[in-house]
Amino acid sequence: MILVTGATGFIGSHLMCHLAQKDIFPVAMFRHESNKNVVWKLFESQFANAQERFEKITWRKADLRDLPSLGAAFEGISHVYHCAGYISLAHRDVNKLLEINEKGSAYLVDLCLSHSVKKLVYVSSIAALGNDPSFTVIDESTAWDNNTDKSPYAYSKYGGEMEVWRAMQEGLNAVIVNPGIVLGKDSPIEKILERYYKGLRWTTPGTNALVNIQDVILVMNELMHSKIKEERFILVAENWTGKALVETLLKARNFNRRVLFIPKGLLFFLWALEHLIQVLGIRKRFFTRALISSQYEQKTIAGGKIKSFIDFEYSPITRLIFD
Ligand SMILES: NC(=O)c1ccc[n+]([C@@H]2O[C@H](COP(=O)([O-])OP(=O)(O)OC[C@H]3O[C@@H](n4cnc5c(N)ncnc54)[C@H](OP(=O)(O)O)[C@@H]3O)[C@@H](O)[C@H]2O)c1
């Protein structure tokens, strides 16, 4: 039996839909009853017999931070797609990020080992890659370096990935994908883009590595059924500047608005101000130096390796935006 963690999330729900199209109904991990609705809505938009298909899903309630509940979710499981994770760019979420993305992944891979799981497909992130500013092209071989500033999210995803590599050394058959910003229906980034539709005019000049959700799902599915193991694959179709992305998205929705750059100094001023507010005990901070710097870096994240392992081509980002 297949287990999908994070089935109620953006990537997990699209995976559930993809599997249902093939008449595969896995065990879906969830935390809150109401969030099953994310999967239901997607099924409803895709299938004429949505109800019938939805009822075939086996739901198991578990939290990555709670080993007994996670252990119970593993009963009879032979294959795992690990799509659960916590996404936050805020410094104040550091503990939660490490608990879910790093420690939760450690629990998960240990359970994979103790349940003799045949294959794990693990969703990491490009945040877990090395980001030495002297490299203009980043790929799977770019080494992680602790000397470059990184966000708590990056540390948590890197820590999670290290747990998977450790488990692979202990005999787990696993493969890792590192998607860039995933675009598609109901993606987390849509919430940010909504602000532009409502009139936000500011952006930063850095590059964003983008990929279509359907491509991510396709690759994950291929990897699960392949003999490929002990590899990591960056999933990035194209690298766009924030300005180009926002202006193209606005154009696609018939908004004719120019976006402007936020001066880097202003963000560092806010960062310093937030430090002061935190020291005064008023509120914990959001900004990190790493987050600000990353928004001004021009680099290419290369997603080509996967194409030499499986028969696959990325779909163009403009097609996703304008279709
Ligand atoms: N979206 C992207 O652009 C992107 C890019 C690269 C990598 N990723 C990685 O892909 C993974 C999924 O991302 P997403 O976009 O699908 O995020 P999402 O929409 O926020 O979904 C996250 C999923 O993880 C579950 N989850 C969160 N905390 C959990 C916990 N403590 N125990 C069990 N489940 C928990 C959530 O369950 P609830 O419904 O109960 O909250 C939800 O199902 C993350 O690990 C993220 O780092 C995402």
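Residues numbered from 1 in each chain as written. Predicted model: local features only at pLDDT ≥ 70, side-chain atom pairs only at ≥ 80, totals over all residues. Heavy atoms only, no water.

This part takes up the packing of helix α5 (residues 94-114) against helix α6 (residues 152-169). Taken N-terminus to C-terminus, the directions of α5 and α6 make an angle of 10 degrees; their axes are 8 Å apart at the nearest point. Considering their axes alone, α5 and α6 lie roughly parallel with respect to each other. For the pair α5 and α6, the contacting residues are V94, L97, L98, N101, E102, S105, A106, V109, D110 and L113 in the first and P152, Y153, Y155, S156, K157, G159, G160, E163, V164, R166 and A167 in the second. Considering only residue class, the contact of α5 with α6 consists of 11 nonpolar, 5 polar and 5 charged. (Axes fitted to C-alpha atoms, helices over the stretch in contact; angles between N-to-C directions. Helix = DSSP H or I, 4+ residues; strand = E, 2+ residues; numbered from the N terminus. Parallel < 35°, antiparallel > 145°, perpendicular 65-115°, else oblique. Contact = heavy atoms within 4.5 Å. Nonpolar A, V, L, I, M, F, W, Y, C, P; charged D, E, K, R; others polar.)

Near the ligand, the surroundings consist of 28 residues, among which T8, F10, L64, Y153 and K157 are the closest. Between the ligand and the protein, one listed contact pairs a nitrogen atom with a backbone N or O atom of L64 at 2.8 Å. Its free accessible area being 900 Å², the ligand has 88% of it covered by the protein chains. Secondary-structure elements contributing two or more residues to the shell around the ligand are α1 (10-21), α6 and β8 (181-183). Of the residues assigned to the shell around the ligand, the class counts are 15 nonpolar, 9 polar and 4 charged. (Near = heavy atom within 4 Å. Polar contact = N/O pair within 3.5 Å; in protein donor to acceptor, adjacent residues only side chain to side chain. Areas by Shrake-Rupley, 256 points an atom, 1.4 Å probe, with all protein chains shown as cover.)

So, about unusual backbone geometry. Although it is not a glycine, D23 adopts a positive phi angle of roughly 60 degrees. Structurally, D23 can be placed in the loop between α1 and β2 (27-30). Taking the relative accessible area as the measure of exposure, D23 reaches 52% and is therefore exposed. Of note, the phi angle at D186 is positive, near 65 degrees, even though the residue is not glycine. (Buried < 20%, exposed > 50% of the residue type's maximum accessible area, 1.4 Å probe, protein only.)

Coordinates in, geometry out; function isn't part of it.
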